[in-house]
Structure formats: structure tokens, C-alpha cells
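One letter stands for each residue in the lines below.
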Amino acid sequence: MYRRCRVNEFQAVVADIREESRASGRQRWHVALDRTEFSVEPGRDLGVVEAVTPRGARLVVPVLGVVVDAAGEVWHVMEKPLAAGTAVTGRVGRVQFESSGAC
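Since we're looking at a predicted model, the values are computed, not measured.

**Remarks on the overall build of the protein chain**
Item 1. From N to C terminus, the protein chain includes 0 helices and 9 strands.
Item 2. When the helices and strands of the protein chain are listed from N to C terminus, the series reads β-β-β-β-β-β-β-β-β.
Item 3. The proportion of buried residues among the 103 residues of the protein chain is 31%.
Item 4. The long-range share in the protein chain, meaning contacts at least 24 apart out of those at least 6 apart in sequence, stands at 60%.

So, in C-alpha cells, the structure goes:
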């Protein structure tokens with residue numbers, strides 16, 4: 001039997017959002033969370049943030065990168081915007097399917 005193994009999970013709230021870029025009809029967003037477990041170190045596993053809409057739909061958004069601006073603010077690079085005040089669950093690392101007992 002396969003099972004999902006998460007490296008690390010945390011709860012946060014979207015503190016701020018700004019558009020990073022817009023090109024060829026695609027947008028990228030910088031999203032600030034009130035807390036984070038994602039690393040700014042290159043080559044580290046990133047992961048996803050998951051939000052639940054007021055109507056109960058799940059939105060899972062990959063975190064493409066993490067940057068720190070000149071003011072020291074940590075921003076998560078995403079292709080979907082999340083409104084300020086949105087509660088999210090962050091999942092850091094790869095979700096793996098293992099047939100062995102331990103992850």
C-alpha cells in the first residue's frame with residue numbers, strides 16, 4: 001500500500017501580495033505569509049500552499065521560489081494570487097509515495 005509522506009507542514013496567513021511580473025498572458029505573484037517554513041536557499045525542496053475558499057473548494061498553489069527584498073521581507077513566488085487574510089497550510093518538501101513502511 002502506498003502512502004503520502006510530508007516533510008513539514010505549517011499553518012500561516014497571507015499577509016500581503018504583489019504582482020511580480022506579467023508576460024505573454026502569464027502572471028507571477030509575490031505572496032508574504034505571516035510565518036514560513038520555506039527556505040530561501042537555492043536547491044532546497046519548496047512545496048505548496050493550500051487554501052480553502054469560503055465555498056469549500058481547495059486551492060493548491062506550488063511555491064516556485066522564495067526571495068527576500070531589500071527591506072528583508074520574505075516573499076513566496078507563485079503563479080496564483082492569494083488574497084491577504086487567507087489562511088493557508090504550507091507543505092514543505094516533496095510528497096512521496098512509498099511502498100516501504102517509513103518515509
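After presenting the structure, the write-up continues.
**Some points on the pattern of salt bridges**
Item 1. Applying the stated rule across the entire model yields 8 salt bridges.
Item 2. Two residues, Arg-91 and Glu-9, come together in a salt bridge whose shortest N-O distance is 3.0 Å. Taken together, the positions of Arg-91 in strand E8 (residues 87–92) and Glu-9 in strand E2 (residues 8–23) put the pair 82 residues apart, joining distant regions of the chain.
Item 3. Its relative accessible area of 39% is what places Glu-9 among the partly exposed residues.
Item 4. In this structure, Glu-19 engages Arg-22 in a salt bridge whose closest nitrogen and oxygen atoms are separated by 2.9 Å.
Item 5. Given the relative accessible area of 36%, Glu-19 is considered partly exposed.
Item 6. A relative accessible area of 58% means that Arg-22 is categorised as exposed.
Item 7. Here the residues in one salt-bridge network are Glu-9, Glu-50, Arg-58 and Arg-91, joined through shared partners.

**Considering the environment of Pro-81**
Item 1. Within the secondary structure layout, Pro-81 lies in the loop between strand E7 (74–78) and E8.
Item 2. Note on Pro-81: relative accessible area 41%, which makes it partly exposed.
Item 3. Between the alpha carbons of Pro-81 and Gln-27 there is a distance of 9.0 Å; along the sequence they are 54 residues apart.

**Structural notes on the nonpolar core**
Item 1. Counting 17 residues, the largest nonpolar core has Leu-33, Phe-38, Val-49, Met-78, Leu-82 and Val-88 as its most contacted members.
Item 2. Within the residue set of this core, elements represented by two or more residues are E2, strand E3 (26–33), strand E4 (47–52), strand E5 (58–63) and E8.

Reading the values: rules and limits
- Along each chain, residue indices are assigned from 1 in the same order as the chain's sequence is written.
- Owing to the predicted nature of the model, reporting of local features is limited to residues with pLDDT of at least 70; listing and counting of side-chain atom pairs is limited to 80 or more, with chain, interface and lining totals taken over all residues.
- With hydrogens and water set aside, each side-chain value is computed from the structure's full complement of heavy atoms.
- By the criteria applied, helices consist of DSSP H or I runs no shorter than four residues and strands consist of E runs no shorter than two, each listed in order from the N terminus.
- Burial here depends on accessible area, computed with a 1.4 Å probe over protein chains only, as a share of the maximum for the residue type. Under 20% is buried, over 50% is exposed, and the range in between is partly exposed.
- Residues are treated as being in contact if the distance between any of their heavy atoms lies within 4.5 Å.
- Every case where a carboxyl oxygen of Asp or Glu lies within 4 Å of a side-chain nitrogen of Lys or Arg is listed as a salt bridge.
- Buried residues of nine kinds, namely Ala, Val, Leu, Ile, Met, Phe, Trp, Tyr and Cys, make up a nonpolar core once their side-chain atoms join them within 4.5 Å.

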